[in-house]
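One-letter residues, chain by chain:
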Amino acid sequence: MTSTAAAPPPPRAYRRLSVEERRAQLLVAALGLFAHRAPDNVSLDEVAVAAGVSRPLVYRYFPGGRQQLYEAALGSAADELKLCFTEPPVGPPTERVARVLDRYLRFVDEHDTGFSALLRGGSVVETSRTTTIVDGVRRAAAEEILSHLGRIGGAGGRGAGPRLRMMVRSWIAAVEAASLIWLDEGKQPPAAELRGWLVDHLIALLAATAATDEETAAVVRDLLALETPDGPAGRLAELVIPVVAEAAHLLPHATAAD
């Protein structure tokens, strides 16, 4: 009588990872740890365990130890964060910025502790190189926002003037600060509400800067021509115009008429 027992499954074929694949594997493991713990509280042994490899193998790829691994992981996270700000030039500009912020806040949510440690500084692994990486993200984010406002540098492009550039970089700093406060407050209000408020903040900064800067005024005119009544700019206008109307008595002509 023939046995009906099932034959054991064939052993899985072992595939040696390439140098690039192994390095990527270690960076993913490190990022997973750095995302939820301050960098100086993560050991190479823990990275090795998370990656399922030996500690000597980690050192083989990162002979500089935790510092080199952290800088490499930070660079990888920075590349991912820059991609959050990349958005095709399709649709009203404020709706593009809203989609950018959705991705950005999702990144902050998924890397909460690491994001907080990174932007607050003070880590024992913080160096001029890590600071340069972080500043590179800020500058790249500002360039992307300027591109959505119709100001792109380079040959043939319309570069932004100092007032507009300062305004956008100030807004990027405010987004960072709001993200850190959001983490401190237990991720309240909900991310969608925070995103809406940050878009409103950008519109308000543009309007205030446009009052005394002709370049920004031109940007605002072009931007409003592309907006829709049910978009972020239209909704904010519906809410703000009645409030601003209450200040009519502050206008010079109103005082003179009295």
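Check the entry above for the structure.
Residues numbered from 1 in each chain as written. Predicted model: local features only at pLDDT ≥ 70, side-chain atom pairs only at ≥ 80, totals over all residues. Heavy atoms only, no water.

**Things to note about the overall build of the protein chain**
Then comes step 1: Tallying secondary structure elements over the protein chain gives 12 helices and 0 strands in all.
Then comes step 2: The secondary structure elements of the protein chain, listed N-terminal to C-terminal, are α-α-α-α-α-α-α-α-α-α-α-α.
Then comes step 3: Looking at the protein chain as a whole, 40% of its 258 residues qualify as buried.
Then comes step 4: Within the protein chain, contacts between residues at least 6 apart in sequence are counted, and of these 67% link residues at least 24 apart. (Helix = DSSP H or I, 4+ residues; strand = E, 2+ residues; numbered from the N terminus. Buried < 20%, exposed > 50% of the residue type's maximum accessible area, 1.4 Å probe, protein only. Contact = heavy atoms within 4.5 Å.)

**Concerning the packing of helix α4 (residues 66-84) against helix α5 (residues 93-110)**
Then comes step 1: At their nearest, the axes of α4 and α5 sit 8 Å apart, and the two run at 150° to each other. Taken as axis vectors, α4 and α5 run roughly antiparallel relative to one another. Mapping the contact onto sequence places A77, E80, L81, L83 and C84 in α4 and V100, R103, Y104 and F107 in α5.
Then comes step 2: For the contact of α4 with α5, the residue count by class is 7 nonpolar, no polar and 2 charged. (Axes fitted to C-alpha atoms, helices over the stretch in contact; angles between N-to-C directions. Parallel < 35°, antiparallel > 145°, perpendicular 65-115°, else oblique. Nonpolar A, V, L, I, M, F, W, Y, C, P; charged D, E, K, R; others polar.)

**Here we look at the packing of aromatic side chains**
We describe a pair of aromatic rings using the distance from one ring centre to the other and the angle between the two ring planes.
Then comes step 1: Evaluated as defined, the whole model comprises 2 aromatic pairs.
Then comes step 2: Taking 5.2 Å as the distance between ring centres and 85° as the angle between the ring planes, the aromatic pair formed by F34 and Y70 counts as edge-to-face. Taken together, the positions of F34 in helix α1 (residues 19-34) and Y70 in helix α4 put the pair 36 residues apart, joining distant regions of the chain. (Phe/Tyr/Trp six-rings, centres within 6.5 Å; stacked < 30°, edge-to-face > 60°.)

**Some remarks on the side chain of D213**
Then comes step 1: Relative to the helices and strands, D213 resides in the loop between α9 (191-210) and α10 (214-226).
Then comes step 2: The buried charged residue D213 lacks any salt bridge, with R163 as its nearest oppositely charged partner at 4.7 Å.
Then comes step 3: A polar contact of 2.6 Å, which involves the side chain of D213, links it to the side chain of T216.
Then comes step 4: Those residues in contact with D213 that sit more than four places away from it in its chain are R163 and L164. (Lys, Arg positive; Asp, Glu negative; His and termini not counted. Salt bridge = Lys/Arg side-chain N within 4 Å of Asp/Glu carboxyl O. Polar contact = N/O pair within 3.5 Å; in protein donor to acceptor, adjacent residues only side chain to side chain.)

**A few points about α9**
Then comes step 1: With 20 residues, α9 extends 29 Å from end C-alpha to end C-alpha; this agrees with the ideal 28 Å at 1.5 Å per step.
Then comes step 2: Elements that come into contact with the buried residues of α9 comprise α5, α7 (128-148), α8 (162-184), α10 and α11 (232-245). (Expected span 1.5 Å × (residues − 1).)

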